[in-house]
Amino acid sequence: MSTSAHPDLAALTGDYTLDPAHTTIGFVARHAMVTNVKGQFREFSGTLHLDGSDPAQSTATLDVTMESIDTGNADRDGHLKSADFFKTDEYPTMTFRSTSAESLGGDDYRVTGDLTILGTTKPLTIDLEYNGTAKDPFGNDRVGFEGKAEIKRSEWGLTWNAALETGGVLVSDKIKLVFDISAIRNA
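Residues numbered from 1 in each chain as written. Predicted model: local features only at pLDDT ≥ 70, side-chain atom pairs only at ≥ 80, totals over all residues. Heavy atoms only, no water.

Q: If you had to explain a negative patch on the surface to someone new, which residues and values would you point to?
A: The grouping of Asp 108, Glu 129, Glu 146 and Asp 180 at the surface amounts to a negative patch. Here Asp 108 lies in strand β8 (residues 108-117). With relative accessibility at 37%, the residue Asp 108 sits in the partly exposed group. (Patch = residues over 30% accessible without salt bridge, like charges linked within 9 Å, V, L, I, M, F, W, Y side chains within 5 Å. Areas by Shrake-Rupley, 256 points an atom, 1.4 Å probe, with all protein chains shown as cover. Salt bridge = Lys/Arg side-chain N within 4 Å of Asp/Glu carboxyl O. Lys, Arg positive; Asp, Glu negative; His and termini not counted. Charge placed at Lys NZ, Arg CZ, Asp CG, Glu CD. Helix = DSSP H or I, 4+ residues; strand = E, 2+ residues; numbered from the N terminus. Buried < 20%, exposed > 50% of the residue type's maximum accessible area, 1.4 Å probe, protein only.)

Here's what the structure looks like:
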């Protein structure tokens, strides 16, 4: 067993499915240079293969339904779904496929993979913290992770913006991605 792997993880080796009812795939964007707008995607599916003895052999997949974007404002959500941003009619899904995983020591891990938005694929690195495992009241083995990453949306062709009279732009190029993951071991 790798000395840098979390000791509890060896028993967790196996295949897992993300639990949408207890997982959040979210984002934060700076709006008008003065405030943060938070949102999430309500519909997605994903899998994890955890190798607790050799975390480098672990993998992750994520498929996000772009039409499910929710920022708490219907007009803004409609704009985000439009041709100015995600073009959800033409590109209904955003995907992530891991290409490598590593233990950083303790409860910290890093997963790198290919993020595809608007048909453009670029590398994305996600820093994850292992939150533990539990058997839920229904007998399911669960594992939890929290993660974060940052992207520049322009690298995926998301370039729409509006200039502000006071200088700056309406929507930041830098977007923070946040993940709160609960996954259930497959039977």
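Q: Hey, could you go over the nonpolar core for me, with residue numbers and the actual values?
A: Leu 48 and Ile 117 are the most contacted members of the largest nonpolar core, which has 41 residues in total. No other element matches the five residues that strand β11 (residues 171-185) contributes to this core. What Ile 117 contacts, discounting residues up to four positions off in sequence, is Phe 86, Met 94, Ile 151, Trp 156 and Leu 158. (Core = buried A, V, L, I, M, F, W, Y, C linked by side-chain atoms within 4.5 Å. Contact = heavy atoms within 4.5 Å.)

Q: Pulling in residues and values, what's your account of the pattern of salt bridges?
A: Taken as a whole and assessed by the stated rule, the structure comprises eight salt bridges. Lys 81 is the salt-bridge partner of Glu 67, the closest N and O atoms lying 3.5 Å from each other. Of this pair, Glu 67 sits in the loop between β5 (59-65) and β6 (69-70) while Lys 81 is found in helix α1 (residues 74-81), placing the two residues 14 residues apart along the sequence. Between Arg 110 and Asp 127 there is a salt bridge whose closest N-O contact spans 2.6 Å. A residue pair is termed long-range when its members are at least 10 positions apart, and Arg 110 in strand β8 and Asp 127 in strand β9 (residues 120-135) qualify at 17 residues. Arg 110 gets classed as partly exposed once you look at its relative accessible area, which sits at 29%. Since its relative accessible area comes to 28%, Asp 127 is described here as partly exposed.

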